[in-house]
Amino acid sequence: SGDVIPIFSKNCSLSGCHDANGSHKPSLTPENAYNQLMSGGFVNTIAPNQSGIYTLIKGGAMPPSGSLKATDQQKILDWIRNGAPNN
């Protein structure tokens, strides 16, 4: 919650994107992100580099406004590698 959610809040859960209104799945708002990522098959803790959320970010497809900083990409990958805890 202290590392990954701020990245989503700044870059992803904006109006018309991955917001609470369901514009694009998954919703990445603080209250929805964890459940939507985990139940939607976007996170693969067995093969973190193959997680849907990570491959879209690493490949530059998301966010459409431009690539996330390498440090933010690494934080998301590290979170998945650590078992994607809900903390």
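How each quantity is defined
Residues numbered from 1 in each chain as written. Predicted model: local features only at pLDDT ≥ 70, side-chain atom pairs only at ≥ 80, totals over all residues. Heavy atoms only, no water. Helix = DSSP H or I, 4+ residues; strand = E, 2+ residues; numbered from the N terminus. Rg over C-alpha atoms; globule rule 2.2 N^0.38 Å. Buried < 20%, exposed > 50% of the residue type's maximum accessible area, 1.4 Å probe, protein only. Contact = heavy atoms within 4.5 Å. Lys, Arg positive; Asp, Glu negative; His and termini not counted. Charge placed at Lys NZ, Arg CZ, Asp CG, Glu CD. Salt bridge = Lys/Arg side-chain N within 4 Å of Asp/Glu carboxyl O.

Asker: Any chance you could explain the overall build of the protein here in plain terms?
Answerer: The helix and strand inventory of the protein stands at 4 helices and 0 strands. In the protein, the succession of α and β elements from N to C terminus is α-α-α-α. Taken against the 2.2 N^0.38 rule, which gives 12 Å for 87 residues, the C-alpha radius of gyration of the protein at 12 Å falls within 12% of a compact globule. Based on the C-alpha atoms only, the size of the protein along its principal axes is roughly 30 × 25 × 20 Å. For the protein, buried positions account for 36% of its 87 residues. Long-range pairs, those at least 24 residues apart, make up 43% of the contacts in the protein with a sequence separation of at least 6. Averaging the locations of the 6 positively and 5 negatively charged side chains of the protein gives two centres separated by 7 Å.

Asker: Could you clarify how one ought to interpret unusual backbone geometry in this entry?
Answerer: Excluding glycine, residues mostly have negative phi values, and the peptide bonds linking residues are mostly trans. The omega angle of the peptide bond from Lys 25 to Pro 26 is 0°, so this bond is cis rather than trans. Tracing the chain through its elements places Pro 26 in the loop between helix H1 (4-11) and helix H2 (33-39). For the bond running from Met 62 to Pro 63, omega is -10°, close enough to zero to count as cis. Take Pro 63: it is sitting in the loop between helix H3 (52-58) and helix H4 (70-81).

Asker: What am I meant to see in the environment of His 18 here?
Answerer: Counting through the fold element by element, His 18 comes out in the loop between H1 and H2. Expressed as a C-alpha distance, the spacing of His 18 and Phe 8, which sit 10 residues apart in the sequence, is 8.8 Å. With sequence-adjacent residues up to four places away left out, His 18 is seen in contact with Cys 12, Ser 13, His 24, Lys 25, Pro 26, Ser 27, Leu 28, Thr 29 and Met 62.

Asker: Which parts of the structure should I look at to understand the pattern of salt bridges?
Answerer: Any two side chains of opposite charge can pair, given that their charged atoms come close. Under the definition given, this model contains 1 salt bridge. The salt bridge involving Asp 78 is made with Arg 81; its shortest N-O contact spans 3.9 Å. Of this pair, Asp 78 and Arg 81 both sit in helix H4, 3 residues apart, roughly one helical turn. Accessibility expressed as a relative area gives 32% for Asp 78, which makes it partly exposed.

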